[in-house]
Amino acid sequence: QVQLVESGGGLVQPGGSLRLSCAASGTIFSIYAMGWYRQAPGTQRELVARIISGDITNYADSVKDRFTISRDYAKNTVYLQMNSLKPEDTAVYYCYGNIRRTARRGPDEYWGQGTQVTVSS
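A few points on the structure. (Residues numbered from 1 in each chain as written. Predicted model: local features only at pLDDT ≥ 70, side-chain atom pairs only at ≥ 80, totals over all residues. Heavy atoms only, no water.)

### Some remarks on the sheet that holds strand β8 (residues 77-82)
Piece 1. With antiparallel pairing, four strands are arranged side by side in an open sheet as β1-β3-β8-β7. Single-partner strands in this sheet number two, and they are β1 (2-7) and β7 (67-72). Within the sheet, the average angular offset between the axes of one strand and its neighbour, ignoring direction, is 15 degrees.
Piece 2. For β7 and β8, the ladder comprises six bridges, and the chain directions are antiparallel. (Pairing = 2+ DSSP bridges. Helix = DSSP H or I, 4+ residues; strand = E, 2+ residues; numbered from the N terminus. Axes fitted to C-alpha atoms, helices over the stretch in contact; angles between N-to-C directions.)

Below you can see the structure in the form of structure tokens.
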């Protein structure tokens, strides 16, 4: 089994910063991609950022130049540095990973439990 555990959410004022972390553990052969989605009340879950093997990154237009995704391959951990936060960034942030558990098995998708980020004065 594979588990993804997020940390780093909380309450921050507009213009502030937060850093989210997500660590993958369990039976892991390789990780193809990790990233972050978010979901605000009454909206669909949307991709925030992802990082693919080879450090290829993708960002939602709404967070470009403010958020940075990075990955520690040795620790199977992905980070999301969020700067210049806005009230519209308020949401539950979910970590995901495309992870292979064995050499014979294709990548499966795994999700964390989510961490709340609230941007408010």
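Anyway, onward from the coordinates.
### So, the nonpolar core
Piece 1. Core analysis: the largest hydrophobic core is formed by 28 residues, its most contacted members being W36, L80, M82 and Y93.
Piece 2. Secondary-structure elements contributing two or more residues to this core are β1, β3 (18-26), β4 (30-39), β5 (46-52), β7, β8, β9 (91-100) and β11 (115-119). (Core = buried A, V, L, I, M, F, W, Y, C linked by side-chain atoms within 4.5 Å. Buried < 20%, exposed > 50% of the residue type's maximum accessible area, 1.4 Å probe, protein only.)

### A word on the environment of G97
Piece 1. Relative to the helices and strands, G97 resides in strand β9.
Piece 2. Linking G97 and P107, residues ten residues apart in sequence, is a C-alpha distance of 9.0 Å.

### A closer look at the pattern of salt bridges
Piece 1. What the rule picks out here adds up to five salt bridges.
Piece 2. A salt bridge links E46 to R38; the nearest nitrogen and oxygen atoms lie 2.7 Å apart.
Piece 3. Residue classification places E46 among the partly exposed residues on the basis of a relative accessible area of 35%.
Piece 4. By relative accessible area, R38 is classed as buried at 5%.
Piece 5. For D89, the salt bridge is made with R66, and the minimal N-O distance between the two is 2.8 Å. Of the two residues, D89 is situated in the loop between β8 and β9 and R66 in the loop between β6 (56-59) and β7; the sequence distance between them amounts to 23 residues. (Salt bridge = Lys/Arg side-chain N within 4 Å of Asp/Glu carboxyl O.)

### Points about the pairing of β6
Piece 1. Two strands pair when backbone bridges link them, and β5 and β6 are joined in this way by four bridges, in the antiparallel orientation. In the sheet register, A49 faces β6, and the bridge partner there is Y59.
Piece 2. Between β5 and β6, which pair antiparallel in sequence order, lie three residues; one of them, G54, sits at a positive phi of approximately 100 degrees.

Purely geometric stuff here, so don't read any function into it on its own.
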